[in-house]
Structures are given as C-alpha cells and as structure tokens.
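Summary of the model geometry
Listed below are the residues making up each chain.
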Amino acid sequence: MATFDINGKVALVTGGASGIGYAIAVALLAKGVKGVTLADVATEVGERAVKEIEAKFGEGKAIFVKTDVTNASEFEEAFQKTVEKFQNVDILINNAAIALEKHWERLIDVNLCGVFRGTLLGLETYLPKYKSGEEAVIINVSSIAGVAPFVACPAYTASKFGVHGLTLAWGHPAHFKDTKVKVIGVCPGITLTQLGAESTENLFTDRYKNIYLSTPELDPNHPKQTPEEMSPHVVRLIEKATSGTVWIVEEGQPPYQYEMIKREQIEDKNYID
Ligand SMILES: NC(=O)c1ccc[n+]([C@@H]2O[C@H](COP(=O)([O-])OP(=O)(O)OC[C@H]3O[C@@H](n4cnc5c(N)ncnc54)[C@H](O)[C@@H]3O)[C@@H](O)[C@H]2O)c1
C-alpha cells in the first residue's frame, strides 16, 4: 500500500471538539488538509474550537456539526455537511467516547455502536463516493483497554475490544480490495484529557473504585502523554499504516503495532482434564 498523501484532503472527526479528537484535527491541518469537520455533542466547545482553528489556519478550514454518534441521521448529516462545505471526504476519525461505567448501555452505544455507525456510513457510502484521491482512511480510536482489560471498567473494556475487533474485520484486504478504504486501529495510552474526570464517580460500586485505584495504568504516577504529543503520531499512521493494523501510542512515543496471537500459533494447547 502506497503512502497516503494528506495534503488537500478532508477529514471528519467525531468527538472533535476537544481532547484527542481536537488535537488530531489540528495535527491534520498542520499537515495541509483542506478542511476538517468537528462532529461532537458539545456545541459551545465545538464552536469555540472552530474559532481557534480559524485563528490558527485561516477562515473556512473547519466546521462544527452538532452530532451525537448514537444518532444515525445526525451522523449522516455530519457527512453531508462535510461534503457540502469541502466537496470531498477522505478521512474519518471515529474518536468519540465516554467512560461512564454506570451508564453502560449508553457507553456501548457511543463507544462501540458509534464507531460501527461511522464505519458503515464511511466505508459503504461516503468515503468511496466522495474521496478525492485513490484511497480513503478510517481511524478507529480504541485504547490500551482494547488489548488488555481495565478490570474496574468492564463496559469501557468491552467497547474498546469491540472497536479492535471491527477494525480487524473491516480492515481486512478482502474489504480494502473493493472499497479502497483503509481501516486502522489506534490504541492510545493514558492521555491528559477530560475523559477520566468523572470515571471514578461513575463506576458500578465502591468495590470497583478500589480495583480502579490499584490498576497500574490508572495510578496517578503512571506516565501520561498530552493529546498534542500523540496526535502527530496518528497522522503518521494515516500516511503509512496498512489496513487492518492496530497501533499502540503511549507516553508520547511513536506507535508500535499490536498483533493478537493466532490460534494456530498456540503450540502447547492447554486442554482441560
Ligand atoms: N484520554 C485517555 O487517556 C484515553 C486513553 C485511551 C483511549 N482514549 C480514547 O480516545 C478517544 C478520545 O478521548 P479523549 O480522552 O479525548 O476524551 P474527551 O472526553 O476529552 O473527549 C471526547 C469528546 O467526545 C465528545 N463526545 C462524547 N460523547 C459523544 C457522542 N455521543 N457523540 C459525539 N461526540 C461525543 C465529547 O463532547 C468530547 O468532545 C476516545 O475514544 C477514548 O476512549 C482516551
């Protein structure tokens, strides 16, 4: 697969009003994209984000579309408004997520079904139809909790393992051959954003809180990265990574590939008696 040229492309970023999504949008603009759509539930934050982008990159480089990724028609409208404004859409960043375990059905709807909706809309309709070059790219933001569990957070863990799984399936060459859309997974390590702010108040019970506090990655002293440190690495993956690959980006370091062991590779099968 050739390098994907970001220059002049158009990106739609869910959860793009703040945190990692916003940082990815800015990193893409710094690499020369024509425009970005910030699709987010947070209207005030999103509109402010557009102003910040315009101040830095010029008028007309970003639009905000109020989008709840649990709502299929709002999600579709985000694609439509992107095409209306920028004529094309080449890159979809499925990034929006929440970490409120108590609201686990909503969490699964946002974190997993939201990525599913976005990938369906992007892969099956909008990207093949409106890409400006030969290929398009979908980045699915999973987590280090999508390759090993955060045991105090079963809902978040399940949603992120789910995103990992759908990326492996939709990223397979069997799909790419027909769609020319690369589907790539990104698993950030702990990143300084608002995501964790209400997490501990929204665990199932206090028992989960004790487990949460003893999870090494969630220890306050565990190394962290800023969204600004990690976002250029995501841009690099858009340019270079092969469809169906999954990458961990932690501690501000360059991405490294995560691969699940294949069943056939288990030499000594541990059969139960
Ligand atoms: N921060 C971390 O430590 C970390 C670690 C691993 C993975 N991640 C993943 O990175 C991604 C971004 O997280 P973040 O840390 O920037 O979080 P954040 O809370 O700072 O930002 C998330 C954004 O998503 C938006 N959002 C929430 N629900 C939405 C919905 N239903 N529809 C549309 N937008 C919605 C919010 O308004 C917000 O702007 C998420 O997928 C998260 O799971 C974060």
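Since this is a predicted model, take the numbers as computed values, not measurements.

1. Considerations on empty space enclosed by the protein
- Here the structure, examined in full by the defined rule, presents one cavity of 30 Å³ or more.
- In this structure, the largest cavity occupies an estimated 30 Å³ of space.
- Thr14, Val69, Phe75, Asn94, Asn95, Ala96, Val110, Gly114 and Val115 are the residues that line the largest cavity.
- Of the residues assigned to the lining of the largest cavity, the class counts are five nonpolar, four polar and no charged.

2. Some remarks on the site of the ligand
- Residues in close proximity to the ligand total 28 residues, the closest being Ile20, Asp40, Asn95, Tyr156 and Thr193.
- Within the backbone of Thr67, a nitrogen or oxygen atom sits 3.4 Å from a nitrogen atom of the ligand.
- Between Asp68 and the ligand, the recorded distance is 2.9 Å, taken from a side-chain N or O atom to a nitrogen atom.
- The protein chains hide 92% of the 820 Å² of surface that the ligand would expose on its own.
- If you map the ligand onto the pockets, it falls in the largest pocket.

3. So, the pattern of salt bridges
- Per the stated rule, a full pass over the model turns up six salt bridges.
- Of the charged contacts in the structure, one is a salt bridge between Glu239 and Lys31, with a shortest N-O distance of 3.2 Å. One end of the pair, Glu239, is in helix α8 (residues 227-240); the other, Lys31, is in the loop between α1 (19-30) and β2 (35-40), and 208 residues separate them in sequence.
- By relative accessible area, which is 42% here, Lys31 ends up partly exposed.
- We note a salt bridge from Asp68 to Arg106, for which the minimum N-O separation is 3.1 Å. Residue Asp68 is found in the loop between β3 (62-66) and α3 (72-86), and its partner Arg106 is found in helix α4 (residues 104-130); the two are separated by 38 residues along the sequence.
- A residue is classified by how much of its surface remains accessible, and Asp68, at 16% relative accessible area, is buried.
- Residue classification places Arg106 among the partly exposed residues on the basis of a relative accessible area of 37%.
- Here the salt bridges share partners, and the residues they tie into one network are Lys31, Arg236 and Glu239.

4. Regarding the side chain of Asp68
- Here Thr70 takes part through its side chain, which lies 2.8 Å from a polar atom of the side chain of Asp68.
- In terms of polar contacts, Asp68 uses its side chain to reach the side chain of Arg106, at 3.1 Å.
- For Asp68, the contacting residues outside a window of four places in its chain are Val41, Glu74 and Arg106.

5. Here's the deal with the pairing of β2
- For β2, the tally of buried residues reaches six of six residues, placing the bulk of the element in the interior.
- With burial as the criterion, each face of β2 is covered, one bearing Gly35, Thr37 and Ala39 and the other bearing Val36, Leu38 and Asp40.
- Between strand β1 (residues 10-14) and its parallel partner β2, the chain crosses via α1, and the hand of that crossover is right-handed.
- Where β2 and β3 come together, five bridges link them in parallel fashion. Among the inter-strand pairings, Thr37 is bridged to a residue of β3, identified as Ile63.
- Taken together, β2, helix α2 (residues 43-57) and β3 constitute a β-α-β crossover, and its handedness is right-handed.

6. Quick word on the environment of Leu100
- Within the fold, Leu100 resides in the loop between β4 (91-94) and α4.
- In this structure the C-alpha to C-alpha distance between Leu100 and Thr70, which are 30 residues apart in sequence, comes to 15 Å.
- In this view, Leu100 contacts Leu107, Glu198 and Asn202; residues no more than four positions away in its chain are not counted.

7. Thoughts on unusual backbone geometry
- Phi at Gln87 is positive, roughly 70°, even though this residue is not glycine.
- When you line up the elements, Gln87 lands in the loop between α3 and β4.
- A positive phi angle, near 55°, is found at Glu251, a position not held by glycine.
- When you line up the elements, Glu251 lands in the loop between β7 (246-249) and β8 (256-258).
- Note on Glu251: relative accessible area 39%, which makes it partly exposed.

8. Regarding the layout of surface pockets
- Within this model, the largest pocket holds a volume of roughly 1,300 Å³.
- Lining the largest pocket are 50 residues; nearest its centre among them are Ala97, Thr193, Gln194, Leu195 and Gly196.
- Breaking the lining of the largest pocket down by element, the ones donating at least two residues are α1, β2, α4, α5 (154-170) and α7 (206-213).
- Sort the elements by how many residues they give to the lining of the largest pocket and α1 lands first, with three residues.
- Class assignment for the residues of the lining of the largest pocket results in 25 nonpolar, 16 polar and nine charged.
- Considering only enclosed or pocket space, the second largest pocket measures out at about 260 Å³ in volume.
- Around the second largest pocket, the lining is made up of 14 residues, and of these Leu168, Gly244, Glu259, Met260 and Lys262 lie nearest the centre.
- When contributions to the lining of the second largest pocket are tallied by element, the ones reaching two or more residues are α5 and β8.
- Of the residues in the lining of the second largest pocket, the class split is five nonpolar, seven polar and two charged.

Here is what the cut-offs are and how they apply
Residues numbered from 1 in each chain as written. Predicted model: local features only at pLDDT ≥ 70, side-chain atom pairs only at ≥ 80, totals over all residues. Heavy atoms only, no water. 1 Å grid on protein atoms, 1.4 Å probe; cavity = no way out; pocket = protein on both sides within 12 Å on 5 of 7 lines; lining within 4 Å. Points joined across faces, edges and corners; volume = space filled by probe spheres on them. Nonpolar A, V, L, I, M, F, W, Y, C, P; charged D, E, K, R; others polar. Near = heavy atom within 4 Å. Polar contact = N/O pair within 3.5 Å; in protein donor to acceptor, adjacent residues only side chain to side chain. Areas by Shrake-Rupley, 256 points an atom, 1.4 Å probe, with all protein chains shown as cover. Sits in = over half its atoms within 2 Å of the grid points. Salt bridge = Lys/Arg side-chain N within 4 Å of Asp/Glu carboxyl O. Helix = DSSP H or I, 4+ residues; strand = E, 2+ residues; numbered from the N terminus. Buried < 20%, exposed > 50% of the residue type's maximum accessible area, 1.4 Å probe, protein only. Contact = heavy atoms within 4.5 Å. Right-handed = clockwise from strand over helix to strand, strands pointing away. Pairing = 2+ DSSP bridges.

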